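Residues per chain, in single letters:
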Amino acid sequence: MQSSMQELYQTPAMMETLQIRVQTFWPISISPTITGSVMADSHPRVLSLSTGKAHTFSKSPASSLTLIANYGVQGDCHAGTTVQHRSRLHIRPALANLRQVHLMPLEILRRISDGLPSDEKTKLLSPGALGQNIMTQGVDLLGLPVGAELQFVTDGDGGGDDGPVLVLTGLRNPCAQINSFCPGLQEQFLVWDAKRDITARLAGVMSTVRVGGEVRAGMGIVVVRPEKHVLLGPVWVDRSYHGRIRESWLWGNSYIG
């Protein structure tokens, strides 16, 4: 099911529909203003890893993760061919899991934590604090397109065919649970315009596993971009596609859910 959905997303008609929605709801890229020039000067790498067997908000630090193709992180509560997020489990038929692995850029966390008290800053910068599996450094995750691939390599490897590979599917929505972690924090992960429409979401990206393998802290990251650039939108439940409910990265600009 997941494979067929990914093939559907890559058809010319679907890509054209996505581009129209991008131009309507998210007319500019947030990358230059959010991440600044730090990305261009940094070596893309894995900073920390985390996993969790139970559906708690934060995940526990790990020295390595085992990625399983079309499934997710071995032993993690969000792994599966169908979506495992509790807010989606009641939907039938079960949705393909486009949220197998959650990645978060350190640069965004540092930017947001600058305005927090020292204890909350330390808490936010901890591995797995927001439920992310992988914290990255030097990768402009939010500026990458749908379908971009992240290949994990050892030092000195320019990117071969043997390393684990993730495929980006969309943005994480900053849900209200973030306020339970730190009061008022959800607002910091959203960018609004003058009309109070959401123009950007900063809570990291979601992905699926294309090639399995072991990911270790300190590994390098090679980014492979698709031919067509379609900006990431939040992964959410789209109820408009041929009358069926499915997990999607189509969106409306005011959706927070």
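Keep in mind that what you see is a predicted model, and the values were worked out from it rather than measured. (Residues numbered from 1 in each chain as written. Predicted model: local features only at pLDDT ≥ 70, side-chain atom pairs only at ≥ 80, totals over all residues. Heavy atoms only, no water.)

Student: Is there a simple way to explain the pattern of salt bridges in this structure?
Tutor: Side-chain pairs of opposite charge can arise where the charged atoms are in close proximity. Under the counting rule described, the total for this entry stands at five salt bridges. For Asp-114, the salt bridge identified is with Lys-121, shortest N-O distance 3.8 Å. A relative accessible area of 58% means that Asp-114 is categorised as exposed. Assessed through its relative accessible area of 30%, Lys-121 is described here as partly exposed. Residue Glu-149 pairs with Arg-210 through a salt bridge whose shortest N-O separation is 3.0 Å. Linking Glu-149 in strand β7 (residues 149-153) with Arg-210 in strand β11 (residues 205-211), this pair joins segments that are 61 residues apart in sequence. (Salt bridge = Lys/Arg side-chain N within 4 Å of Asp/Glu carboxyl O. Buried < 20%, exposed > 50% of the residue type's maximum accessible area, 1.4 Å probe, protein only. Helix = DSSP H or I, 4+ residues; strand = E, 2+ residues; numbered from the N terminus.)

Student: Explain the nonpolar core to me, please; I cannot follow it from the model alone.
Tutor: Within soluble globular proteins, side chains that are nonpolar tend to cluster in buried spots. One finds Leu-103, Leu-124, Ile-134, Leu-185 and Phe-189 to be the most contacted residues of the largest nonpolar core, which totals 44 residues. Per-element tally for this core: the top contributor is helix α4 (residues 106-113), with four residues. (Core = buried A, V, L, I, M, F, W, Y, C linked by side-chain atoms within 4.5 Å.)

Student: Quick question: what am I supposed to make of the packing of aromatic side chains here?
Tutor: For the structure shown, the criterion picks out one aromatic pair. With centroids separated by 5.5 Å and ring planes inclined at 35°, the aromatic side chains of Phe-57 and Phe-181 adopt a geometry described as tilted. A residue pair is termed long-range when its members are at least 10 positions apart, and Phe-57 in the loop between β1 (45-51) and β2 (60-62) and Phe-181 in helix α6 (residues 177-181) qualify at 124 residues. Classification of Phe-181 by relative accessible area gives buried; the value is 12%. Geometry around Phe-181 places Lys-123 over its ring, the cationic atom sitting 4.5 Å from the centre. The cationic tip of Arg-196 hangs over the ring face of Trp-192; the distance from NZ or CZ to the ring centre is 3.9 Å. (Phe/Tyr/Trp six-rings, centres within 6.5 Å; stacked < 30°, edge-to-face > 60°. Lys NZ or Arg CZ within 6 Å of the ring centre and 35° of its normal.)

Student: Got a minute to help me understand the side chain of Lys-59 in this structure?
Tutor: Following the sequence through the fold, Lys-59 ends up in the loop between β1 and β2. Apart from residues no more than four positions distant in its own chain, Lys-59 is found in contact with Ser-50, Thr-51, Gly-52, Asp-76, Cys-77, His-78, Pro-127, Gly-128, Gly-131, Gln-132 and Asn-133. (Contact = heavy atoms within 4.5 Å.)

Student: Even after reading the chapter, I still don't get the side chain of Asn-173, so can you show me in this structure?
Tutor: Of note, Asn-173 is situated in the loop between β8 (165-171) and α6. With relative accessibility at 9%, the residue Asn-173 sits in the buried group. Only 2.6 Å separates the side chain of Asn-173 from the side chain of Arg-201, close enough to count as a polar contact. (Polar contact = N/O pair within 3.5 Å; in protein donor to acceptor, adjacent residues only side chain to side chain.)

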